Amino acid sequence: MSQTGTHGLSAADAPIFIIDGFLPDDLAAAMRRDIEGHFAKPEAHGRDTHQVWNYWFVPELYTYLRTAPEKVIEHALIAAFHQTLCDWSTSNMGMGEVTWPFLSLYVSGCRQGWHNDSRNGRFGFVYSLTRAERRTIGGETLILHEDDPFRGHLTNATAGRGLYEKIEPRFNRLLVFDDRLPHAVERVEGSMDPVDGRFVLHGHLSEGTAVVVGALSATDIAAPLNHCLSQFRDEISAAAALYHGPLTFRLTIGATGAVAGCEILLDRVIHPDPGHTEWEAIRARLIVRLRALQFIASSGQTTLIQPVLFGSAA
């Protein structure tokens, strides 16, 4: 499995993650075999087994086919994918809630127009089951760069990848990106054979409750942690309203109850003014508070993953 955060940002700040070889080869191959099998022997297709696709057409926005993935791929395989994604999202981003995916198919003429999903989750995920050797082109996910496309290019001409990322739907590739970023899907062209189309499992990631693993229980941690976060919010209440997005931490708590480590897993807190420079100081004040936390003594080490959300729509 290889992982990339785009634009040279740290993993915590990156708006986009690309993970090639996300699933074990045998699991990804089994899911693809089910897709191939679904479309095999078209003369034997029946209404109960194959009239399962919703042709989703929204003028100027969506044109593709979608379905519940377990209607095409064995439920146990989808569940294994979903659990793997939940584990990865929790440990790497502190995002513990993962929607059950759609399975979507893009044949020639299918596309998505530019939009964002700010109300659907914190991050979108797109996992590709597209054939490694295709007879179609297109189907790339396009994601607008975070910089202002107008003010950032007042004196230089730019086009294409100068304005957006273009991510190919490679087999067994997971793409995860900030749901607030405008994105689209390049129109697919070529073969009308569905097995040559763009197949993706897709949905959204968001924060859940705190994740506690180790000697202490969630109950042991709740009171001091909630008091700390409440004090921090009271302290910065006016400034906090200006920010939007998730910040997640991984705390390591020793047997004495003291915090032995505080790591930022994810920082996608955004201020509407791109010139704003005060966020790092505010974040540092929260880290000081978290490092000073004292929990009850226990028999061993505990790991706490804690999301902190900013913004009225967060």
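Placed above this text is the structure.
Residues numbered from 1 in each chain as written. Predicted model: local features only at pLDDT ≥ 70, side-chain atom pairs only at ≥ 80, totals over all residues. Heavy atoms only, no water.

(A) Summary view of the pairing of strand E10 (residues 141–144). In this sheet, strand E11 (residues 164–167) lies alongside E10 in antiparallel orientation, the contact comprising four bridges. The partner of Thr141 across the bridge, within E11, is Ile167. The pairing of E10 with strand E13 (residues 183–185) spans three bridges and is classified as antiparallel. Counterpart to Ile143 in the pairing with E13 is His183. (Pairing = 2+ DSSP bridges. Helix = DSSP H or I, 4+ residues; strand = E, 2+ residues; numbered from the N terminus.)

(B) The arrangement of the packing of aromatic side chains in detail. Inspection of every chain in the model, using the stated rule, returns 17 aromatic pairs. On the basis of an interplanar angle of 15° and a centroid distance of 4.4 Å, the ring pair of Trp56 and Tyr62 is categorised as stacked. Looking at Arg66, its charged tip hangs above the ring of Phe102, at a distance of 5.0 Å from the centre. Over the ring of Tyr106 we find Arg198, and its NZ or CZ is 4.6 Å from the ring centre. (Phe/Tyr/Trp six-rings, centres within 6.5 Å; stacked < 30°, edge-to-face > 60°. Lys NZ or Arg CZ within 6 Å of the ring centre and 35° of its normal.)

(C) Highlighting the environment of Phe177. Note on placement: Phe177 falls in strand E12 (residues 173–178). Classification of Phe177 by relative accessible area gives buried; the value is 4%. When the C-alpha positions of Phe177 and Ala14 are compared, they lie 8.5 Å apart, and in sequence the two are 163 residues distant. Among residues more than four places away in sequence, those in contact with Phe177 are Pro15, Ile16, Arg122, Phe123, Gly124, Val126, Ile143 and His183. (Buried < 20%, exposed > 50% of the residue type's maximum accessible area, 1.4 Å probe, protein only. Contact = heavy atoms within 4.5 Å.)

(D) A look at unusual backbone geometry. The phi dihedral of Lys41 is positive, around 50°, even though this residue is not glycine. Since its relative accessible area comes to 61%, Lys41 is described here as exposed. Despite not being glycine, Glu60 shows a phi value in the positive range, around 65°. Along the chain, the position of Glu60 falls in the loop between strand E3 (54–58) and strand E4 (62–67).

(E) Summary view of the packing of helix H4 (residues 218–235) against helix H6 (residues 279–291). Relative orientation of the contacting elements H4 and H6 amounts to 155°, with a least axis distance of 10 Å. In terms of orientation, H4 lies roughly antiparallel with respect to H6. Once H4 is placed against H6, the crossing between them reads as right-handed. Within the contact between the two elements, H4 uses Leu225, Cys228, Leu229, Gln231, Phe232 and Glu235 and H6 uses Ile282, Arg285, Leu286, Arg289 and Leu290. Here the residues of the contact of H4 with H6 sort into seven nonpolar, one polar and three charged. (Axes fitted to C-alpha atoms, helices over the stretch in contact; angles between N-to-C directions. Parallel < 35°, antiparallel > 145°, perpendicular 65-115°, else oblique. Left-handed = near helix turned anticlockwise from the far one by under 90°. Nonpolar A, V, L, I, M, F, W, Y, C, P; charged D, E, K, R; others polar.)

(F) Structural context of the side chain of Thr302. Structurally, the position occupied by Thr302 is in strand E19 (residues 302–310). By relative accessible area, Thr302 is classed as buried at 0%. Within polar-contact distance, the side chain of Thr302 engages the backbone nitrogen of Leu216 at 2.9 Å. Other than its neighbours up to four places away in sequence, Thr302 contacts Val212, Val213, Gly214, Ala215, Leu216, Ile221, Leu251, Thr252 and Ile253. (Polar contact = N/O pair within 3.5 Å; in protein donor to acceptor, adjacent residues only side chain to side chain.)

Geometric descriptors of this kind do not, in isolation, establish any biological role.
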